[in-house]
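Listed here are the chains, written in short residue letters.
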Amino acid sequence: MEDNRVIIFDTTLRDGEQAAGVNLNVQEKVQLANQLCKLKVDVIEAGFAAASPGDFDCVAAIAKVAKGTGTTVASLARTREADIRAAAKALEVTDKARIHTFIATSQIHMEYKLKMTREQVLNEVRSGVSLAHSLCKDVEFSAEDASRSDLAFLIEVFKLAIECGATTLNIPDTVGYAVPDEYGAFVKKVIEGVNAPKNVIYSVHCHDDLGLAVANSLAALKAGARQVEGTINGLGERGGNAALEEVVMALKTRRDFYGLTSNLVTQQLMRTSQLTAKLTGVAVPPNKAIVGGNAFSHEAGIHQHGILANRATYEIMNAEDVGAIAAVLVLGKHSGKHAFKDRLSALGYQLSEEQIEIAFKAFKLLCDAKKDVTDADLEALVIDNILGI
Ligand code: KIV
Ligand code: ZN
């Protein structure tokens, strides 16, 4: 793989589905997985095969539809034998399968959740990763709560995971505690400390508890990670996961800074976002970056004037590049005469300067009574104030 290509690992169907109140059935998951294949994510984490018979069926069904598409299908598994065997079984129908096994490595998780010593965790890594590797050639190992783990211990764990066959090492910020500069520096130290062979890829997986998941993911990519895990619309537990559409468009728009690319067909982002919202019932806020309904709308007169002269004045991306409709100039009380005149001529009204003045005054009065003025309102306004005179 080229050094500057980032692997996009989508976990909408696994970590995203862990969002409170979200529950997708097999048909819905398959529908979304088909769309994720069109988006050309590199890896779809389809579920946690050992979690329930329903989740097993979802992983198996997605493995079946993804076969031959070039997309890898992953199942999550703890380091336990039963989990790993269930993951391997659910994935057996596809040609590109990955077992994603994990165990926590932070002191607080080992002591209070796992009730294990460091030695016991190392033994789990040894047995879990080795078994996964004997069943599937593509194995990812995640050190849960890595960002709060002791650096030297984390490095020891990762070295062992490589020895046992893992080729992707994930450094999650499980509880969204990290901040970008610190996390980037931490990832760099992990990469230097592990000193892995060239075929090993470092991955990041950030949660959004402090609203920093995307910023942390980008900092980790800058530090050398080459796989990013996230979800569509940032769906996920608590504050959610890193929003993949934001990470990918940041890489694309600021390629000058990151120097990184992905294989994503970004024109499919809007459709994927809307399908995710529809199936999960979690609406996308209008001001959401990239895929929100207002992401390419402009209301302020000065902005509209700029956009009409040259879109780059107030748009850093083309709406078409994310599959959205090109710049919408919302007519409201902040709009100026330029945008008003432009919309009237798009509606087929070529008015004199004097008529424009009259209509514009009527328009401003209407704006005080109504938040957004529609094309139908404009038609009525021209008929009442100009044509009717
Ligand atoms: O947040 C997390 O640490 C996870 C792991 C299982 C990768 O979701
Ligand atoms: Zn997670």
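These figures come from a predicted structure and were not determined experimentally. Residue indices follow the written sequence of each chain, beginning from 1 at its first position. Chain A is the first chain written and ligand 1 is the first ligand written, with later ones labelled in order. Selection of residues for local features in this predicted model requires a pLDDT of at least 70, selection of side-chain atom pairs for listing and counting requires 80 or more, and totals for whole chains, interfaces and linings are taken over all residues.

**Let's talk about the nonpolar core**
Within the largest apolar cluster, 95 residues are counted, with the highest numbers of intra-cluster contacts made by Ile44, Ala46, Ile62, Ala63, Val187 and Val247. When sequence neighbours within four positions are dropped, the list of residues in contact with Val187 reads Ile171, Tyr202, Val204, Ala220, Ala223, Gly224 and Ala225. Grouped together as the second largest cluster of nonpolar side chains are eleven residues, Ile307, Leu329, Ala359 and Val373 included. As used here, a nonpolar core is made of buried Ala, Val, Leu, Ile, Met, Phe, Trp, Tyr and Cys residues. They are joined through C-beta atoms within 7 Å. A residue is called partly exposed when the number of other C-beta atoms within 10 Å of its own lies between 12 and 20, exposed at 12 or fewer, and buried at 20 or more, with C-beta atoms placed from the backbone. Think of it this way: build a C-beta for each residue from its backbone, and any pair within 7 Å is a contact.

**Some points on the packing of helix 6 (residues 151–163) against helix 7 (residues 180–194)**
When two helices pack together, their arrangement is captured by the angle between the axes and the distance separating the axes. Look at helix 6 against helix 7: their axes get within 9 Å of each other, and the N-to-C directions meet at 50 degrees. Taken together, the axes of helix 6 and helix 7 lie oblique to each other. As helix 6 packs across helix 7, the resulting crossing turns out to be right-handed. Here helix 6 contributes Leu151, Leu154, Ile155, Phe158 and Lys159 to the contact with helix 7, which in turn contributes Lys189, Val190, Gly193 and Val194. Residues are grouped as follows: nonpolar covers Ala, Val, Leu, Ile, Met, Phe, Trp, Tyr, Cys and Pro; charged covers Asp, Glu, Lys and Arg; every other residue, Gly included, is treated as polar. Classifying every residue of the contact of helix 6 with helix 7 by side-chain character gives six nonpolar, one polar and two charged. Here, axes are lines fitted to C-alpha atoms. For helices the fit covers the stretch in contact, and angles between N-to-C directions go from 0 to 180 degrees. Each helix corresponds to a stretch of at least 4 residues labelled H or I by DSSP, and each strand to a stretch of at least 2 residues labelled E; elements are numbered beginning at the N terminus. Roughly parallel means an angle under 35 degrees; roughly antiparallel, over 145; roughly perpendicular, 65 to 115; everything else is oblique. What makes a crossing left-handed is the near helix being turned counterclockwise from the far one by less than a right angle; a clockwise turn instead makes it right-handed.

**Things to note about helix 8 (residues 213–222)**
With nine of its ten residues buried, helix 8 lies for the most part within the structure. For helix 8, the full list of buried residues reads Ala213, Val214, Ala215, Asn216, Ser217, Leu218, Ala219, Ala220 and Leu221. The inward-facing, buried residues of helix 8 abut strand 6 (168–173), helix 7, strand 7 (201–206), strand 8 (227–230), helix 9 (244–253) and helix 10 (255–258). Taken from the residues just after helix 8, Gly224 is the one with a positive phi, measuring 125 degrees.

**Let's talk about the sheet that holds strand 2 (residues 43–47)**
Consider a sheet: its strands pair through backbone hydrogen bonds, and that pairing is either parallel or antiparallel. Strand pairing is assigned whenever DSSP identifies at least 2 bridges connecting the two strands. Pairing is parallel around the closed barrel formed by eight strands, whose spatial order is 1-2-3-4-5-6-7-8. Adjacent strand axes in the sheet meet at a mean angle of 25 degrees, parallel and antiparallel pairs treated alike. Both strand 5 (residues 139–144) and strand 6 contribute to a ladder of three bridges, which runs parallel. Counted as the bridge partner of Glu140 is Thr168 from strand 6. Against the sheet, helix 2 (residues 53–66) engages strand 2, strand 3 (72–78) and strand 4 (97–104), with an angle of about 150 degrees to strand 2.

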